[in-house]
Number of protein chains: 2
Amino acid sequence: MCSKATPEELYLKTLSQEPENQETPIPFIGMEHVHPSLFYRRNHFTYPEAPAEGITVDGLVESPGFFSLADIHALPSRTVETVLECAGNKRSLFEPKAFGEPWGKGAVSQGKWKGVPLKVFLEAAGWNKEAAVEVITVAGDKGERPDKKDIYAYARSLPVEKAADPDTIIAYEYNGRPLSFKHGAPLRLIVPGWYAMASMKWMERITVSKDAFDGPFQSIDYVYYPHKNSRKDAFPVTTMNVNSIIQSPADMEIKKEGTQVIEGIAWSGEAVIEQVEVSTDGGQTWGEARLEHQSGTAYTWTKWAFEWQEAEAGEYTVMARACDAQGRQQPMQAFWNQKGYGYNAVEEIQVKLK
Amino acid sequence: MCSKATPEELYLKTLSQEPENQETPIPFIGMEHVHPSLFYRRNHFTYPEAPAEGITVDGLVESPGFFSLADIHALPSRTVETVLECAGNKRSLFEPKAFGEPWGKGAVSQGKWKGVPLKVFLEAAGWNKEAAVEVITVAGDKGERPDKKDIYAYARSLPVEKAADPDTIIAYEYNGRPLSFKHGAPLRLIVPGWYAMASMKWMERITVSKDAFDGPFQSIDYVYYPHKNSRKDAFPVTTMNVNSIIQSPADMEIKKEGTQVIEGIAWSGEAVIEQVEVSTDGGQTWGEARLEHQSGTAYTWTKWAFEWQEAEAGEYTVMARACDAQGRQQPMQAFWNQKGYGYNAVEEIQVKLK
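All values reported here derive from a predicted model rather than from experimental measurement.

**Topic: the sheet that holds strand E3 (residues 54-59) of chain B**
Residues and elements named next belong to chain B.
Here is step 1: Strand order in this open sheet of five strands is E4-E3-E12-E7-E8, and the pairing throughout is mixed. The two strands at the open ends of the sheet, each matched to only one other strand, are strand E4 (65-68) and strand E8 (151-159). Taken over all neighbouring pairs, the strand axes of this sheet differ in orientation by 25 degrees on average, direction set aside.
Here is step 2: Strand direction decides the pairing type here: strand E7 (residues 134-144) and E8, joined by eight bridges, are antiparallel. The residue bridging Lys142 from the neighbouring strand is Ala153, located in E8.

**Some remarks on the domain arrangement of chain A**
Residue and element names in this part refer to chain A.
Here is step 1: The domain architecture assigned to chain A consists of domain 1 (13-221) and domain 2 (243-353).
Here is step 2: Just the C-alpha atoms count here: the centres of domain 1 and domain 2 sit 28 Å apart.
Here is step 3: With 36 residues of domain 1 at the interface, the matching set in domain 2 holds 30 residues.
Here is step 4: When the two sides are added together, the surface that domain 1 and domain 2 hide from each other amounts to roughly 2700 Å², 56% of it contributed by carbon and sulfur.
Here is step 5: Measuring nitrogen to oxygen at the nearest pair gives 2.9 Å for the salt bridge that ties Lys105 to Glu347.
Here is step 6: Joining domain 1 to domain 2, the criterion identifies 15 residue pairs in polar contact (both at pLDDT 80 or more).
Here is step 7: Residue assignment for the side of domain 1 that touches domain 2 shows that the elements contributing at least two residues are strand E5 (78-85) and strand E6 (108-117).
Here is step 8: Examining the composition of the side of domain 1 that touches domain 2, we find that five residues originate from one element, E5, more than from any other.
Here is step 9: Partitioning the side of domain 1 that touches domain 2 into residue classes produces 18 nonpolar, seven polar and eleven charged.

**Quick notes on the pattern of salt bridges**
Residues and elements named next belong to chain A.
Here is step 1: Counted under the stated rule, the structure contains 42 salt bridges over all chains.
Here is step 2: Residue Glu292 is joined to Arg290 by a salt bridge in which the shortest nitrogen-to-oxygen separation is 3.6 Å.
Here is step 3: A residue is classified by how much of its surface remains accessible, and Glu292, at 37% relative accessible area, is partly exposed.
Here is step 4: Beyond isolated ion pairs, a larger network of salt bridges with shared partners links Arg145, Asp147, Asp221 and Lys339.

**A short note on the interface of chain A and chain B**
Here is step 1: If you look at the interface, chain A gives 41 residues, while chain B gives 41 residues.
Here is step 2: Summed over both partners, the interface of chain A with chain B comes to about 3700 Å²; 54% of that surface belongs to carbon and sulfur atoms.
Here is step 3: Three residues stand out in chain A for area buried against chain B, namely A:Gln17, A:Phe99 and A:Met252, and they jointly supply 22% of the buried area on that side.
Here is step 4: Summed over the shared surface of chain A and chain B, the result is six salt bridges.
Here is step 5: Counting the contacts that link chain A with chain B gives twelve residue pairs in polar contact (both at pLDDT 80 or more).
Here is step 6: Secondary-structure elements contributing two or more residues to the side of chain A that touches chain B are strand E1 (13-16), strand E16 (253-255) and strand E23 (347-353) of chain A.
Here is step 7: The element contributing the most residues to the side of chain A that touches chain B is E1(A), with four residues.
Here is step 8: For the side of chain A that touches chain B, a count of residues per class yields 13 nonpolar, six polar and 22 charged.

**So, the layout of surface pockets**
Here is step 1: What the second largest pocket holds in volume is close to 1000 Å³.
Here is step 2: For the second largest pocket, the lining is made up of 40 residues, of which A:Pro19, A:His44, A:Glu101, A:Pro146 and B:Ile254 are closest to its centre.
Here is step 3: Of the residues that constitute the lining of the second largest pocket, the class distribution is 15 nonpolar, nine polar and 16 charged.

**Remarks on the UniProt feature "domain: Oxidoreductase molybdopterin-binding" (unreviewed entry) in chain A**
Here is step 1: The UniProt record annotates "domain: Oxidoreductase molybdopterin-binding" (unreviewed entry) at residues 55-215 of chain A.
Here is step 2: Along residues 55-215 of chain A the backbone is 11% helical and 40% strand, and the end-to-end C-alpha distance reaches 20 Å.

**What about unusual backbone geometry?**
All names here are of chain A.
Here is step 1: With omega at 0 degrees, the peptide bond leading from Glu18 into Pro19 counts as cis.
Here is step 2: Along the chain, Pro19 falls in the loop between E1 and strand E2 (21-23).
Here is step 3: The step from Ala185 to Pro186 runs through a cis peptide bond, and the omega angle for that step is 10 degrees.
Here is step 4: For Pro186, the location among the structural elements is in the loop between strand E10 (177-178) and strand E11 (188-190).
Here is step 5: Its identity is not glycine, yet Met252 carries a phi of approximately 70 degrees, on the positive side.
Here is step 6: On the secondary structure map, Met252 appears in the loop between strand E15 (243-248) and E16.
Here is step 7: On the basis of relative accessible area, Met252 is assigned to the buried category, the value being 3%.

**Structural notes on the relation of the copies chain A and chain B**
Here is step 1: For the match of chain A to chain B, the screw axis carries a shift of 0.0 Å, the RMSD comes to 0.0 Å, and the turn is 180 degrees. Here the transformation between the copies is reduced to the relation of a two-fold axis.
Here is step 2: Of all interface residues in chain A, 100% are interface residues in chain B too; the two copies therefore contact each other through one and the same surface.

The rules behind these values
- Residues numbered from 1 in each chain as written.
- Chains lettered and ligands numbered in written order.
- Predicted model: local features only at pLDDT ≥ 70, side-chain atom pairs only at ≥ 80, totals over all residues.
- Heavy atoms only, no water.
- Pairing = 2+ DSSP bridges.
- Helix = DSSP H or I, 4+ residues; strand = E, 2+ residues; numbered from the N terminus.
- Axes fitted to C-alpha atoms, helices over the stretch in contact; angles between N-to-C directions.
- Domains from an automatic or database assignment.
- Contact = heavy atoms within 4.5 Å.
- Buried area = accessible area lost by both parts, 1.4 Å probe.
- Salt bridge = Lys/Arg side-chain N within 4 Å of Asp/Glu carboxyl O.
- Polar contact = N/O pair within 3.5 Å; in protein donor to acceptor, adjacent residues only side chain to side chain.
- Nonpolar A, V, L, I, M, F, W, Y, C, P; charged D, E, K, R; others polar.
- Buried < 20%, exposed > 50% of the residue type's maximum accessible area, 1.4 Å probe, protein only.
- 1 Å grid on protein atoms, 1.4 Å probe; cavity = no way out; pocket = protein on both sides within 12 Å on 5 of 7 lines; lining within 4 Å.
- Points joined across faces, edges and corners; volume = space filled by probe spheres on them.
- UniProt positions renumbered as here; feature names shortened; annotations may be inferred.
- Least-squares fit on C-alpha atoms with pLDDT ≥ 70 in both.

Structure (structure tokens):
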């Protein structure tokens, strides 16, 4: 059922139209790079009318200036394969429920992005790396927020170290083809390993700053608030948590008894997946799944499969939990937070065998 | 956000590929007839390779025989506008959960079907209506079931009265165009008012029978089993329950405070919707929604809207409940049954206003 390379009769699932928020049909996606028509779409605003055709660099730099698309295509390029996952992926699984787009498991995709490292722009403009505290990135989409009266552009910041990472790129190609408008053309920031609020579409501006950025998409949204009614203990959303999805069987599926193949994907923010375990008895005992490392990078997902031998008729809770090379493992209970970010509890489905 | 006539950037949501089961993006569907590309698809088996190009009539009839497509197009036609709803629609909302396809709210659509009343075939063949107990209908799709070893065609039966209802038709057109293969071409049975397991695609055979039919899609599936581990008190799934959907706001949506429009659709099996009430305080108080009767038939859905005046910031549970002309009202708690059919509890979402 899985691993179909072509997107025939598979579609995005629409959560909202304005702005357009749509999920990838993740149970049916294989190891390959996700077709652009099936890559999830997450927008804060309606699509921008005329995103800039180039990048402005300013702030703590010797030579502020503008890089046109022609300039950018002439710069040394880099290709990065990475998972992008919305920080709100699996939000609908939180208990108590968290407000916001009720993403299921499909606000995650992966693919191959080609572009120019952000640091190439910073170095070309002569940034003052020692004085810099953050690099602010500004996108071309803007609009109203439910909690504010003004119009805000979508803007965020990166710490200096992540901005200077050679894998943080400004991309103009996806899967070997020009990036599509809905996925950020002409230019999209790709920040591998981080939740994808950082990988902003329609990139327009890079500002090297001596201060921490306090725009609402940095200081209000994409912050973990662990308590229901306060901002105590808040901390920012950055790296993706270790996570997995059972792609088959489907939740609540009824199947014939006998040997079953349980399969899925697993990924983590900045580390290779080392182990995926599967339980068919609700978490009492665990067996190790077989991993198919395709590229072996820390940024891509790993497909896994587990053979459940001669399963007898009955109702079962099937679980999967991944562990990455940094020893991070999916917890039994997700870390609840007000805005519902970073859900990564042990993956769980139920199946009935007859 | 709602009522878009064109299906641009809206798609079906795939639950399974083989067989193909896909939901309509119901929050975005208006009063119009659902575009064929957005009409939900529910299959028990993979698509049939060569469904019969006509209808065989046999059993308790004077003149058993075959009606070709040309014969059928020459018979007097009838057009019926009706909701079709899968008996498992909203199954995923049951608590405790019920096994089977985990349909959300989108296993329902409506449209306009043109064809020939089933009774025209019965009368043309000279059926023995007095001796008949049921009319068996057999479709062209077949396959294995998880609980059986043999191959079964999809087959069911109708009581004589429903079979003889002039609105029960064998359709060859949908929304003024030839029926598409995936929705049952060349011929689909349409049984208005009943859950859509009755409205079988790829219709091939009508058998007038003096016995109650006991095929597995009649005697095992599409039966309400009210108890977890027994077949006690079982009774068949027939007419659609009174039901409603809140299309906007979306569940868990965050909006600006102020006046809100709550809108949706409501329908019932064999009666016009008379009233839809909305509660914005979790069911303590109710206000009446405005109904837009388009066609006024008992088989179509009714669009409704409710103005929630000057709503203040806060978290709210918003509910809707419909009542039909037979006095049937959505219950606070759905009638739980093993196979998860007929969910129609009061519709409920949560919204947060800022």
